[in-house]
Structure formats: C-alpha cells, structure tokens
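If you want the building blocks of each chain, they are given just below.
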Amino acid sequence: MQYHVNGFHPGDPDILPAAPDHRRAGDPLPETVDVLIAGSGPAGLCLAAQLARVPQIRTMLVEPKPGPMEKGQADGISVRSMEMFQAFGFAEKVMRESVWINETTFWAPGAQSALDRVARVQDVPDGISEMPHVLLNQARVHDMFLDIMRRSPTRLAPDYGLRVVDLAIDRAAAAYPVTATLEYTTPERAGQTVRVRANYVIGCDGARSNVRRAIGGELHGDAAHQAWGVMDVLAVTDFPDWRMKSFVRSKDAGILMVLPREGGHLVRLYVELDNLGEDERVADRGMDAADIIAKAQRIFRPFTLDVREVVWWSIYEIGHRLTDKFDDVPEAEVATRAPRVMLAGDACHTHSPKAGQGMNVSMGDTFNLGWKLIAVLTGRADAALLHSYSGERQAAAKGLVEFDHKWARVVGARAEDAATDGLPRVAREFVNNLPFTCGLTIQYPAGLLTGEATHQALAPGFDLGKRFHSAGVIRLADAKPMQLGHCVEADARFRLFLFAPAGDTGATGGAVAGLCDWLQHDPQSPVLRHTAPGEDLDAVIDVRAVFQQHFRSLDFNAMPALLRPPVGRYGLRDYEKVFCADAKDFDDIFEARGIDRAQGCLVVVRPDQYVAQVLPLTERAALTRYFGGFLRVRR
Ligand SMILES: Cc1cc2nc3c(=O)[nH]c(=O)nc-3n(C[C@H](O)[C@H](O)[C@H](O)COP(=O)(O)OP(=O)(O)OC[C@H]3O[C@@H](n4cnc5c(N)ncnc54)[C@H](O)[C@@H]3O)c2cc1C
C-alpha cells in the first residue's frame with residue numbers, strides 16, 4: 001500500500017483525497033452522467049467501486065430499496081472472488097470476518113444407522129490459490145464495496161429510493177445518448193419520475209431487470225420445477241458436522257445442505273422441498289420457514305434440530321436461464337456501433353444457489369467490464385473495446401448455467417451409486433468440479449485481449465486467458481515475502497511481469513535492462529505510446545520484474561530506471577517493483593509456474609487479473625501490436 005506520495009497526509013490512508021467537484025449528499029440529481037448503474041447488488045456495487053476511484057468519471061447508482069441490504073441472498077465467496085477482493089484491498093477483512101470452508105462431508109443412509117458420514121473431502125485443493133473459500137453474508141460484501149465508494153475521490157453513494165423504469169437511446173447523439181426514466185419508490189414521492197441522460201447505462205438490476213426489458217433482451221432457459229428452501233438459523237443440534245459444509249441425503253425425506261456461516265454459530269440450510277407441477281409456482285404452495293424447518297428435521301433424523309432463531313429464509317424455484325447478449329448491439333451491427341447499454345449479473349444469467357455461484361459470477365461480470373469502461377471514458381481506448389465484454393462474459397455465464405444444470409441433478413439424485421474409487425458419486429462429482437466452483441476454469445479465448453499460445457511453454461503455469469495464478473516472491477527493497485499477484489490492484493492498470501533469465505541481475509547488458517530501456521525510451525514502446533503526457537509512466541502499464549537470485553545478492557540501485565521510477569510531486573523513488581524468487585517461505589515461483597529459467601519471459605496481466613500474453617523478453621513488436629490493438633496512441 002503506497003501513500004504519502006504527494007506529501008504527508010494524516011489519518012486513514014484508505015480515505016482518498018476528495019475530488020473538488022464531487023457530488024455531496026443532498027445535492028440535486030445530476031441531469032447528465034457518464035455511467036448510470038441500475039441496482040446495488042454485488043454486480044452494481046463491484047462496478048461502482050471501480051468507477052468511484054476515477055475522479056473524471058461521473059457515476060450514478062440508483063436502487064429502489066430504501067437503504068443497504070442487511071441480510072439474506074448469497075453467501076458463497078469463491079477463491080477467485082477472494083483474489084478479486086485482494087485487488088480491492090478488503091480480502092484480509094473478509095478472511096477475518098467470514099467462515100472458511102476447509103472440509104466438505106457427505107452423509108447418506110448407512111448400513112448401521114439412518115444416516116452415516118459416507119465421505120469427506122478437502123474443500124479447496126492444495127496449490128490452487130493462495131486464498132480460501134469462505135462464506136459471508138452478501139450484505140457484508142456490499143458494505144465492503146460501499147466503504148470503498150465512500151472513501152474514494154468521488155465519495156460515491158447510491159441514490160436509494162429510485163428505480164429505472166425505461167430507457168430511450170438516441171443513436172445520433174454524440175454525448176449522453178441514453179435517457180433513463182427513473183421512478184421514485186420512496187413513499188413521499190412514489191410514482192414521480194425524473195430523467196437522467198447518460199453515456200452508458202449498466203443494468204445490474206437483477207433477474208427481473210427493467211434495463212434488459214428496455215433493450216429487448218430476454219432470459220432463455222428452463223425451470224426445474226423444483227422448490228428449495230433456504231434459511232439462516234441459530235439452532236441447537238447434535239449433528240456432528242454442523243460447522244462443516246455438508247451434503248445430507250436421507251433415505252426418503254430428501255436432501256439438504258449445511259453451510260456454516262460467519263461468527264461461529266449461524267448456519268445456512270438449503271432444504272429440498274417439493275417438486276412443482278408444470279404450471280405451478282412455488283408461491284402457490286404457501287410454504288414458509290416452518291415448512292423448511294419441519295422438512296430439515298425429517299431429513300436430519302436421527303439427529304435433532306432445535307431452531308432458536310430464523311435470521312432469514314426464502315423459498316425459490318430452480319431455474320437456469322441466460323440472455324442471448326449482454327449489451328444493446330445486435331450481432332449484425334457489431335461492426336458499426338459500440339454498446340451503450342450493458343447487462344450484468346442476474347439480469348443476464350440465473351441459476352440455482354446450490355453451487356454458490358450467483359454473487360461470484362455477478363461480480364466477475366463487472367470486474368471484467370469496469371476497467372474497459374474506465375479505459376473508454378478516460379480516452380485510453382476506443383468504445384469498440386466494450387464489445388469484448390459481452391463476448392467474454394456471455395461464454396462464461398453459459399458455462400455456469402450448463403454446469404449448474406448438471407450439478408443440480410447430481411445433488412438431487414435419489415439413489416446413491418458409488419463412483420469407481422469408492423467415493424459416493426456426489427462426492428466424486430464435487431471433487432471433480434472444484435476448479436469450477438472455485439471460479440478458476442474461466443478461460444477467455446485468443447483474440448483482441450488474449451494472445452495466441454505460441455510461447456505458452458515459457459511459462460505453462462500462467463495459462464493464457466485464465467486468471468493469473470499468483471505465487472510467492474520476496475520484494476527486493478524491503479525483503480518482504482508476499483504474493484506477486486497482489487501487485488494487481490483494482491485500478492484499471494495492466495501489469496507487465498518480466499521474469500529474468502538465469503544470471504540476469506538487472507544490470508545493463510542483460511535482457512531485463514534491455515527491455516526496460518526499450519519500454520522507457522523507444523517510440524514503439526506501449527508504455528510510451530499509450531500513456532498521456534503528464535501521466536506517471538506506470539499510469540496505464542505498470543512494469544515489474546522478478547529475478548531468480550536470492551534478494552541479498554542483488555542491488556536495488558543497479559536496477560533499470562523503469563523499475564525504480566520517480567513518483568509524485570517530489571519525485572520520490574518507487575521501491576515496490578522488483579522481486580526475487582524465494583524458496584524459503586514459498587515455492588520458488590520459477591519452479592511453481594514452470595518458467596523457462598534459461599530464457600525467462602514476460603507475462604502481461606489485464607486489470608481484471610487475467611493473463612493476456614506470455615512472450616519472450618525479446619518479443620517487443622508483439623507487445624506493441626497487442627496493446628495497439630485496443631489502446632489509443634496518446635503521444
Ligand atoms: C431472494 C433471493 C435469494 C437468493 N438466495 C441466494 C442464495 O441463497 N444463495 C446464492 O448463492 N445466491 C442467492 N441468490 C442469488 C444471488 O443473490 C444473486 O445471484 C446475486 O445477488 C446477483 O447479483 P446482482 O447484483 O446481479 O443482482 P441482485 O443482487 O439481485 O441485485 C439487483 C439489485 O437491483 C435492484 N433493482 C431491481 N430493479 C431495479 C430497477 N428497475 N432499477 C434499479 N435497481 C433495481 C434490486 O433492488 C437489487 O438491489 C438469491 C437472490 C435472490 C434475489
């Protein structure tokens with residue numbers, strides 16, 4: 001965490017200096033904004049937290065509810081989302097507050113008793129990520145994003161009591177082409193409307209999205225005609241695995257899932273209720289929390305369940321649906337116009353909560369969109385870049401819906417058939433699907449933002465198109481053991497990691513020094529071409545290097561100037577760009593990621609932590625071509 005860069009600033013360093021013209025509470029609604037976000041769920045807030053950090057972008061977020069959510073909905077936070085939270089700076093806070101899911105157990109009718117533990121597996125495979133899989137109230141995740149917004153230069157806060165009812169798009173307008181009609185939902189102004197014009201509208205307004213309707217989008221898919229209950233309870237029970245994630249299948253009373261929650265006592269239960277008729281809605285059954293409790297008690301027998309408090313409950317139907325496009329541009333017009341309205345989260349994909357993916361994939365959508373919107377709105381990229389959002393995320397959501405379709409049936413399976421290795425099938429499927437439920441299988445295809453795998457062999461551990469698989473290093477200037485991936489913050493910048501070949505000390509004449517010199521001085525350098533005059537040299541592309549030697553054998557002052565640049569108004573030295581492999585606290589990163597020690601390599605990481613390029617240190621033209629494909633030349 002770097003601060004005091006432009007002079008000493010007392011107090012909490014997470015509170016950033018306010019932009020002089022930021023909107024203050026009580027100020028009238030703006031007539032025009034750059035981005036209007038509909039909905040303050042995880043998708044909307046994850047986007048707002050990124051945009052709020054950019055003073056020159058005017059963002060507005062409207063939410064019909066009167067205030068922040070307090071409880072309910074999702075709780076599953078995948079390791080991939082935890083890696084993303086690290087980029088926002090609140091992963092440690094979540095790790096402290098949440099419950100970690102370390103082991104998952106499986107119960108089924110046994111030979112001995114009505115219910116036996118038939119399997120147990122480690123929840124997160126070793127080495128898959130430095131982060132844990134955790135559970136925490138969705139509302140607390142919202143609070144983390146709201147905190148970032150409140151402390152950002154724009155001091156952004158949702159406009160509660162307002163909802164989007166309709167959109168009109170003037171394709172001829174150069175600025176603010178989208179007019180949103182907002183309706184007040186507060187009792188005193190209910191039904192009154194106001195209009196706001198925006199350059200972009202992002203529909204994060206949930207499964208019944210008005211924004212989706214306004215652009216003619218539809219959810220396609222099916223309903224499983226199955227009702228499930230969910231409840232967060234404080235209860236007394238003799239079920240041994242009350243603090244473990246557990247799948248419990250009874251002989252003939254159905255299935256439930258136990259999910260321990262934050263605070264050491266709260267527990268979430270997902271309880272299979274009834275099958276619904278073809279045209280039947282769950283509401284027709286008039287079931288409530290008492291029905292969920294009764295069903296859970298029957299499934300748990302012979303164990304007892306004495307519920308002392310129901311904190312939250314809901315009953316829902318399982319449905320798997322996906323919208324055909326995540327923006328307002330039909331396929332046929334992609335070549336002629338850029339999106340102005342985009343959708344994210346439940347507004348474009350719905351699925352069962354069983355895999356705990358809802359919140360995760362929704363945030364994944366807007367973490368993919370955020371840096372692209374910032375690049376376009378700050379003049380770094382052409383608006384055509386925004387086409388890649390629907391392209392990349394629609395495919396990811398399709399994978400999720402297909403997976404959930406299959407998983408819902410595995411969990412719901414009646415008879416227990418053992419898989420070949422003796423594990424019950426549900427447990428075997430659970431283990432096989434862990435990389436997916438960890439959120440780590442998304443791989444963006446080669447194209448505008450992801451390079452070809454021509455040089456993948458230089459670093460097979462950094463899969464192109466997948467998220468950057470962090471590993472431990474030592475920071476040279478202060479000998480700090482840390483995760484290299486934690487250099488990638490949610491600040492819309494690219495990272496260029498230079499992995500030095502054996503024997504390279506950063507000294508002149510070496511591959512690292514040669515490339516750094518080119519990046520800093522050559523007119524073909526993307527660092528120069530895409531950074532505006534007056535911006536810090538690392539404002540768009542942040543270059544870092546990792547050496548194979550022990551940190552005690554390297555000299556920071558002998559490093560290339562690009563790796564120890566002057567920053568801020570005093571021209572202070574940046575000491576945080578040079579690292580060394582470390583075999584003491586971690587596995588050596590060159591080993592762990594299979595990096596070619598003789599040649600070294602460079603790895604380009606996108607602002608959303610996905611690997612964009614793996615190239616030889618000498619492949620300069622490819623670097624120029626890559627960034628030139630979507631970033632504007634600005635000098
Ligand atoms: C009742 C319910 C229970 C759920 N339970 C679980 C669960 O148990 N486990 C799980 O994993 N997932 C659960 N989910 C799913 C999970 O919460 C979602 O997948 C996740 O929240 C999606 O995030 P989102 O931001 O896309 O949408 P949401 O979280 O749904 O947020 C959408 C927001 O948009 C607002 N909004 C609606 N209409 C408008 C409008 N016209 N203009 C502006 N704003 C609008 C809404 O008030 C809401 O705040 C549940 C969802 C719901 C709705």
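Everything below is about the structure printed above this text.
Residues numbered from 1 in each chain as written. Predicted model: local features only at pLDDT ≥ 70, side-chain atom pairs only at ≥ 80, totals over all residues. Heavy atoms only, no water.

### Some thoughts on helix α7 (residues 358-377)
Moving on, step 1. Counted at 1.5 Å a residue, the expected span for α7 with its 20 residues is 28 Å, and the 28 Å between its end C-alpha atoms agrees.
Moving on, step 2. With 18 of 20 residues buried, α7 lies mostly within the body of the structure.
Moving on, step 3. Following α7 by one or two positions, Gly379 has its phi on the positive side, about 80 degrees. (Helix = DSSP H or I, 4+ residues; strand = E, 2+ residues; numbered from the N terminus. Expected span 1.5 Å × (residues − 1). Buried < 20%, exposed > 50% of the residue type's maximum accessible area, 1.4 Å probe, protein only.)

### Some words on the sheet that holds strand β3 (residues 76-77)
Moving on, step 1. On the basis of which strands lie adjacent, the open sheet formed by 3 strands has the order β3-β7-β4 and antiparallel pairing. Both outer strands of the open sheet, β3 and β4 (99-100), are each paired with one neighbouring strand and no more.
Moving on, step 2. Pairing of β4 with strand β7 (residues 134-135), which is carried by 2 bridges, proceeds in the antiparallel orientation. By the bridge assignment, Val99 is partnered in β7 with Leu135. (Pairing = 2+ DSSP bridges.)

### Considerations on the side chain of Asp116
Moving on, step 1. Inspection of the secondary structure puts Asp116 in strand β6 (residues 116-122).
Moving on, step 2. The side chain of Asp116 is buried and forms no salt bridge, while Arg117, the nearest opposite charge, is found at 9.1 Å.
Moving on, step 3. Apart from the residues within four sequence positions on either side, Asp116 is in contact with Phe106, Trp107, Ala108, Gly110 and Ala111. (Lys, Arg positive; Asp, Glu negative; His and termini not counted. Salt bridge = Lys/Arg side-chain N within 4 Å of Asp/Glu carboxyl O. Contact = heavy atoms within 4.5 Å.)

### Considerations on the nonpolar core
Moving on, step 1. Counting 115 residues, the largest nonpolar core has Leu36, Phe85, Phe88, Phe145, Leu496, Leu498 and Phe627 as its most contacted members.
Moving on, step 2. Not counting the four nearest positions on each side in its chain, Leu36 is found in contact with Met60, Val62, Val164, Ala180, Leu182, Ala198, Tyr200, Val201 and Ile202.
Moving on, step 3. Grouped together as the second largest cluster of nonpolar side chains are 29 residues, Tyr316, Phe403, Leu423 and Val426 included. (Core = buried A, V, L, I, M, F, W, Y, C linked by side-chain atoms within 4.5 Å.)

### Some details on the pattern of salt bridges
Moving on, step 1. For the structure on display, the rule yields 43 salt bridges.
Moving on, step 2. Close ionic contact of Asp542 with Arg495 constitutes a salt bridge, the shortest N to O distance being 3.2 Å. Placement of Asp542 in strand β22 (residues 541-547) and of Arg495 in strand β21 (residues 494-499) is noted, with a sequence separation of 47 residues between them. Across this residue pair, the class does not change: Asp542 and Arg495 are buried.
Moving on, step 3. Residues Arg597 and Asp588 are paired through a salt bridge, measuring 3.1 Å at the closest nitrogen-oxygen approach.

### Side note on the site of the ligand
Moving on, step 1. Close to the ligand lie 30 residues; Glu63, Gln73, Arg268, Tyr270 and Asp346 are nearest.
Moving on, step 2. A distance of 2.9 Å is found between a nitrogen atom of the ligand and a backbone nitrogen or oxygen belonging to Val164.
Moving on, step 3. Between the ligand and Ser362, the relevant distance is 3.5 Å, taken from an oxygen atom to a side-chain nitrogen or oxygen of the residue.
Moving on, step 4. For the ligand, the accessible surface in isolation is 960 Å², of which the surrounding protein chains cover 83%.
Moving on, step 5. For the shell around the ligand, the elements supplying multiple residues, two or more each, are α1 (42-51), β2 (59-63), β9 (162-169), β15 (267-275) and α7.
Moving on, step 6. For the shell around the ligand, the leading source of residues is α7, giving 3 residues.
Moving on, step 7. Within the shell around the ligand, the residues separate by chemical class into 13 nonpolar, 11 polar and 6 charged. (Near = heavy atom within 4 Å. Polar contact = N/O pair within 3.5 Å; in protein donor to acceptor, adjacent residues only side chain to side chain. Areas by Shrake-Rupley, 256 points an atom, 1.4 Å probe, with all protein chains shown as cover. Nonpolar A, V, L, I, M, F, W, Y, C, P; charged D, E, K, R; others polar.)

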